[in-house]
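Below, each chain spelled out in residue letters.
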Amino acid sequence: MLELDSQVKIIKRFSERIIIGVLFFLFGFCILIIRLWYLQVSLYEGLSEKADNNRISVVPMPPKRGSIFDRNGEVLACSNCVYTLEMSSVKADKLEALFQELEPAIKISESNKRRIARQIIEYGRYKPIVIRNKLDEFEVSWFAAHAFKFPELKIKSRWIREYPYCYEVSHVIGYIGRISDSDFSNLDDTKIANYRGSQLIGKKGIEKTWETTLHGYTGFKEIEVTAAGKPVRVLKSIDPIPGKDIFLSIDIGLQKTIFNAFGSKKGAVVAIDPNTGEILALVSMPSFDPNLFVDGIDKNSWSLLNNSLDYPLINRALYGTYPIGSVYKPFVALAALELGKRSPNDKIMDPGYFECGGQKFRNPGSIAHGMVDMYKAIVVSSDTYFYSLGLDMGVDELHDFIKQFGFGQKLDIDLDGEKQGILPSTEWKRKKYSNKKMQKWYLGDTISLMVGQGYNSFTLLQLAQGLTVLANNGLYRKPHLVYKTKSPMSEKEEKILYNPLYQVLLKDSNVSFIKSAMEDVINYGTARNAFLRTPYSVAGKTGTAQVFSLRGSKYNANFINEKLRDHALFMGFAPSNNPKIAVAIIVENGGWGSKEAAPIARKIFDYWLLNNN
Amino acid sequence: MKFSFYDIFHRFINGIDFFILVIYFVLSIMGLVALRSAVGYYDLRFSAQIYNCILACLAMFFVSILPPTWLRNFSLPCYIFGIFLLLCVEFFGETTKGATRWLSIGFTRIQPSEMLKIAVPMMLAWYFDRVQNNDRLQKRDFFIAFVILIVPFFLILLQPDLGTSLLVFASGFFVVYFAGLSFRIIVPIVVLIISLILVLLFYKDVLCSSEVSWFFLHDYQKNRICTLLNPLSDPLGNGFHTIQSMIAIGSGGLYGKGYMQGTQSHLDFIPERMTDFIFAVFAEEFGLYGCIFLLILYFLLILLGLKISISAKTSFSRLLSASISMMFFVYVFVNIGMVTGILPVVGVPLPFMSYGGSAFLNIGISCGLLMNIKNESKIKIQRI
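Rules and cut-offs
Residues numbered from 1 in each chain as written. Chains lettered and ligands numbered in written order. Predicted model: local features only at pLDDT ≥ 70, side-chain atom pairs only at ≥ 80, totals over all residues. Heavy atoms only, no water. Disulfide = S-S within 2.5 Å. Buried < 20%, exposed > 50% of the residue type's maximum accessible area, 1.4 Å probe, protein only. Axes fitted to C-alpha atoms, helices over the stretch in contact; angles between N-to-C directions. Helix = DSSP H or I, 4+ residues; strand = E, 2+ residues; numbered from the N terminus. Parallel < 35°, antiparallel > 145°, perpendicular 65-115°, else oblique. Contact = heavy atoms within 4.5 Å. Nonpolar A, V, L, I, M, F, W, Y, C, P; charged D, E, K, R; others polar. Left-handed = near helix turned anticlockwise from the far one by under 90°. Pairing = 2+ DSSP bridges. Polar contact = N/O pair within 3.5 Å; in protein donor to acceptor, adjacent residues only side chain to side chain.

Engineer: Before we go on, may I ask you to explain the state of the cysteines in this structure?
Structural biologist: What makes a disulfide is a covalent bond joining the sulfur atoms belonging to two cysteines. Residue and element names in this part refer to chain B. As enumerated under the stated definition, the model contains 0 disulfides over all chains in all. This cysteine, C53, is not joined by any disulfide, and C57 carries the nearest cysteine sulfur, 6.6 Å off. Relative accessible area serves as the criterion here: at 9%, C53 is assigned to the buried category.

Engineer: Help me out: how do you make sense of the packing of helix α6 (residues 139-157) of chain B against helix α7 (residues 162-179) of chain B in this one?
Structural biologist: To describe two helices that pack against each other, one gives the angle between their axes and the distance between the axes. All names here are of chain B. Viewed as axis vectors pointing N to C, α6 and α7 meet at an angle of 170 degrees, and their least axial separation amounts to 8 Å. Classified by the interaxial angle, the pair formed by α6 and α7 is roughly antiparallel. Contacts between α6 and α7 involve F142, A145, L149, I150, P152, F153, I156 and L157 from the former and L162, T164, S165, L166, V168, F169, G172, F173, V176 and A179 from the latter. Residues belonging to the contact of α6 with α7 are distributed by class as follows: 15 nonpolar, 3 polar and no charged.

Engineer: How should the packing of helix α4 (residues 68-92) of chain B against helix α5 (residues 112-131) of chain B be read in this particular structure?
Structural biologist: Residue and element names in this part refer to chain B. In contact at an axis separation of 8 Å, α4 and α5 are set at 140 degrees when each is read in the N-to-C sense. Considering their axes alone, α4 and α5 lie oblique with respect to each other. Here α4 runs over α5; the crossing is left-handed. On α5, the residues touching L71, R72, F74, S75, L76, C78, Y79, F81, G82, L85, L86 and V89 of α4 are P112, S113, M115, L116, A119, V120, M122, M123, W126 and D129. Broken down by class, the residue content of the contact of α4 with α5 amounts to 17 nonpolar, 3 polar and 2 charged.

Engineer: Explanation requested: the environment of G408(A) in the structure shown.
Structural biologist: Residues and elements named next belong to chain A. Residue placement: G408 occurs in the loop between α16 (395-403) and α17 (426-432). Of the residues examined, G408 reaches a relative accessible area of 6% and is grouped as buried. In the structure, G408 is positioned 15 residues away from L423 in sequence and 4.6 Å away in space, judged by C-alpha atoms. Excluding anything up to four places from it in sequence, G408 contacts Q420, G421, I422, L423, F458 and Q462.

Engineer: Help me understand the sheet that holds strand β2 (residues 99-105) of chain B in this model?
Structural biologist: Paired through backbone hydrogen bonds, the strands of a sheet run either parallel or antiparallel to each other. Residue and element names in this part refer to chain B. Spatial ordering of the open sheet is given by β1-β2-β3, a layout of 3 strands whose pairing is antiparallel. Edge strands, defined here as strands with exactly one partner in the open sheet, are β1 (94-96) and β3 (108-110). With strand direction ignored, the average angle separating the axes of adjacent strands in the sheet is 45 degrees. Of the strand pairs in this sheet, β1 and β2 are connected by 3 bridges, and their pairing is antiparallel. Note on β2: the bridge partner recorded for T96 is A99.

Engineer: Looking at this structure, I do not really get the interface of chain B and chain A. What am I missing?
Structural biologist: When the parts of a complex come together, some accessible area is lost, and that lost area is often used as the size of the interface. Every contact between the two is made by 60 residues of chain B and, on the other side, 41 residues of chain A. Where chain B meets chain A, there are 7 residue pairs in polar contact (both at pLDDT 80 or more). Contributing elements (two or more residues each) for the side of chain B that touches chain A: α7, α8 (183-202), α11 (238-252), α12 (263-266), α13 (278-311) and α14 (315-339) of chain B. Here the side of chain B that touches chain A takes 13 residues from α13(B), the largest share from any one element. For the side of chain B that touches chain A, the class distribution of residues is 34 nonpolar, 20 polar and 6 charged.

Engineer: So what exactly am I meant to see when it comes to helix α13 (residues 329-338) of chain A here?
Structural biologist: Within an α-helix, residues lying three or four positions from one another point in the same direction, as the helix has 3.6 residues per turn. Counting buried positions along α13(A) yields 9 of 10 residues, so the element is predominantly enclosed. Positioned one or two residues after α13(A), G340(A) has a phi angle of 75 degrees, which is positive.

Engineer: Looking at this structure, I do not really get the sheet that holds strand β14 (residues 278-285) of chain A. What am I missing?
Structural biologist: All names here are of chain A. Here we have 5 strands laid out as an open sheet, ordered β14-β13-β25-β24-β23, and antiparallel in their pairing. Bordering the open sheet on either side are β14 and β23 (539-545), each of which pairs with just one other strand. For this sheet the average axis-to-axis angle between neighbouring strands, irrespective of direction, equals 5 degrees. One ladder, built from 7 bridges, connects strand β13 (residues 267-273) with β14; its direction is antiparallel. Bridge assignment links V270 to a residue of β14, and that residue is L282. Running over the sheet, helix α11 (residues 252-262) touches β13, β14 and β25 (581-587) and is turned about 25 degrees from β14. Set on the sheet, helix α21 (residues 508-523) makes contact with β23 and β24 (567-574); between it and β23 the angle comes to about 70 degrees.

Engineer: Quick question: what am I supposed to make of the pairing of β25(A) here?
Structural biologist: Across a regular strand the side chains alternate sides, sitting on one face of the sheet and then on the other. Residues and elements named next belong to chain A. Of all the 7 residues making up β25, 7 are buried; the element is thus mostly covered by neighbouring parts of the structure. Of the two faces of β25, both are covered, the one formed by I581, V583, I585 and V587 as well as the one formed by A582, A584 and I586. Of the strand pairs in this sheet, β13 and β25 are connected by 6 bridges, and their pairing is antiparallel. Across the sheet, the residue bridging to A271 is V583, located in β25. Sheet analysis places β24 next to β25, joined by 7 bridges and oriented antiparallel. When the sheet's bridge partners are listed, F570 is paired in β25 with I585. Hairpin connection of β24 to β25: 6 residues between the antiparallel strands.

Right under this line is the structure:
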């Protein structure tokens, strides 16, 4: 009874408080309604006049995008002016009449008409809508003469991107395209304001990675407009600041040479100046025309590019990862010397195969080289010699040594889409497989690594970089494409300097031993034919990377499907005593490196060392 | 408690409060209509808001059918989890624009302070429900309640997020008030606040000068209050928001400019027009009549909530539903107050109208709680 009594008391007190609460919120609502009444009835005249007078429209003025040049000042990408017809504040029901009046001079396609009608609903009446792009001179002059008839239309100039070398450098330059929602969400708050009025943004390549530099700063014009959206006067104007011009270390001549040398073959080339880390050429074949993307690529071209089995949109130099085969051998040999696993004079018998744990690892074509030391093993490319190294060399030791050359690491080049590749180690295998059995590292795994096969998987850029570090006697410089920017306003140039990042500790004698073996690969070894009678000295190595294992049977390129043929590889630098250029080449499904890749290298070296300097 | 499929179905049918449901849908549709004008039909945010609305609705149904004892049992874990998340924000939170309010959880990021807007009143209602076994609560009980309230308040204040911390404080304070906090404490507090406002009004010139800093507020918060007192002092900065939204509302007149015809909003004059200032878009296009219609709907919703609290059978349900209803009032009052220029600009969304997932979810859960409590009182009546 007592409890019930106290319950009643509690509820009574609660109800009292609810009543006070109701009074409180009634009071609050009254305040709001009085305030709204005051604004919307008492102040209505004044405020609606203010709303009419107060229409300052802020018109963004997008900046001119910076141009891109090659190392000699050749234009690779530039912005040109085109004219666009724009419309604002037209009611949907007057559209058809408007189109008819424009008909004599300015044609508007049916699909454009549908888009315009849709955008009027979408944007409302006060946002400008593009009626036609790229007006020609006749259309512009006709409109100028008849402009008085069309107060709601306006001709606007706009910058459009052009790529004069469409195919040769497309994978480096990349392209720009219309800003999508996802592009917008990737911009931070400070940048979004800067993109008001810009319609395009870098999507790939240098256009993407150097977007901020190329874009510049949007200007603004504050215009007072009437209720109908007619401009009355300009109140304030801040000019846009054009984007900076970018100078690449690429040489378009060299780039073209490589492009022509490849013909219809697939593959990639990276050429680096070892003295600076500048990339002199970066080609991925097949290529595409970046001009297609500028104003939105049409469906047909897109599906052609996107569905092609040759994958022209993929930058093979950065994105493709390959087992690099025999070109890996000089690095493995250097590791063996530096880690004290072999001396140059240790010899082994090469009967054409290497047997370990009941498994036979064969030389290509099962050729027997007889007694081989390290020198000969590199020159004639004896797989057996390197297989035997696998017995002494631990995979983790090899990993730690090779890593310093950049293999299996992102090199942080100023291009997008770089893959990391795989430089295997026991730890890598543990992480890679969830199955405990698969996690175990076997001796056979190590043996395959020694000839650049097995789990090895590198990008061509990594190979070129590794070669550059070797050519530099271990000095590691960051590979890069942009070496200079220039502000078009002040004409001030800014050099971008990359200091060497570190020095791989190597014995001079070991490095020069490997280099001289690589010179003899060119003089007497597998690459002899491609480099007959060169006036400069070259150090290099050919390679052939298995696309699939032939399980011991003899390799005959003619009998197997082209897609399954081996990749042909070559790497080399020249002049060998004072390297000016280091080149890595892969010809996909090309077969032998000596036959397919080395001749391209010859053309590159000839161009760079004979024509150029 | 038995919890068969039949039971769930029974609860679902009985649990839905028809009036709340109708108000929920009418307000949601009005919100979507206003948002469409603010951002355009093809904007991703418009479709996102439709998803938010559906998600919140599902949350409402879900919460409404939970057994009432579950709600009570959830209160403490919810509160503790919320405090835990706030501490996580303190140590691992993401910082955006100088405020650390978000926790990244892989695919998305969450703002734990939002959760506390419901967890705090639930916790306090649960606490009072436990200690209230005679008609008078002890001073000690209120002291503990105050501690429960002040911990999340300070943690959110640290982020810093004055707006949300005040809202969390208010939501808890209502529970304490309805539980019976003595007027001998409430009246002095109200008097103090009113006198502070009066001091501010009379000495605004001195207090708003740049030399004087207000030790308990950030500079930007001080500026907002000062701007409110004199919007013309900063017509392009903070004052711009308020002036432009007042022009938008005022120029709407009695009937409004018509749907999609609001020049202030369509010419980009209203800042944050899909979130905190969406009322200005609505008022410009639908005028005073539209605004009053909107206010009536809010009014009915709050009244329904308070009615539910009076007939609720346990002290937990009473306190929780009353505090939720009053919170709806606070949201509406503070938001419209700031958009019409009588309160400083603090980030408070207008229920059902402002764009935002977590805000909408909070509404859904709140409505679900109200329905759940109503359902609970119905069941008990049937059993008697």
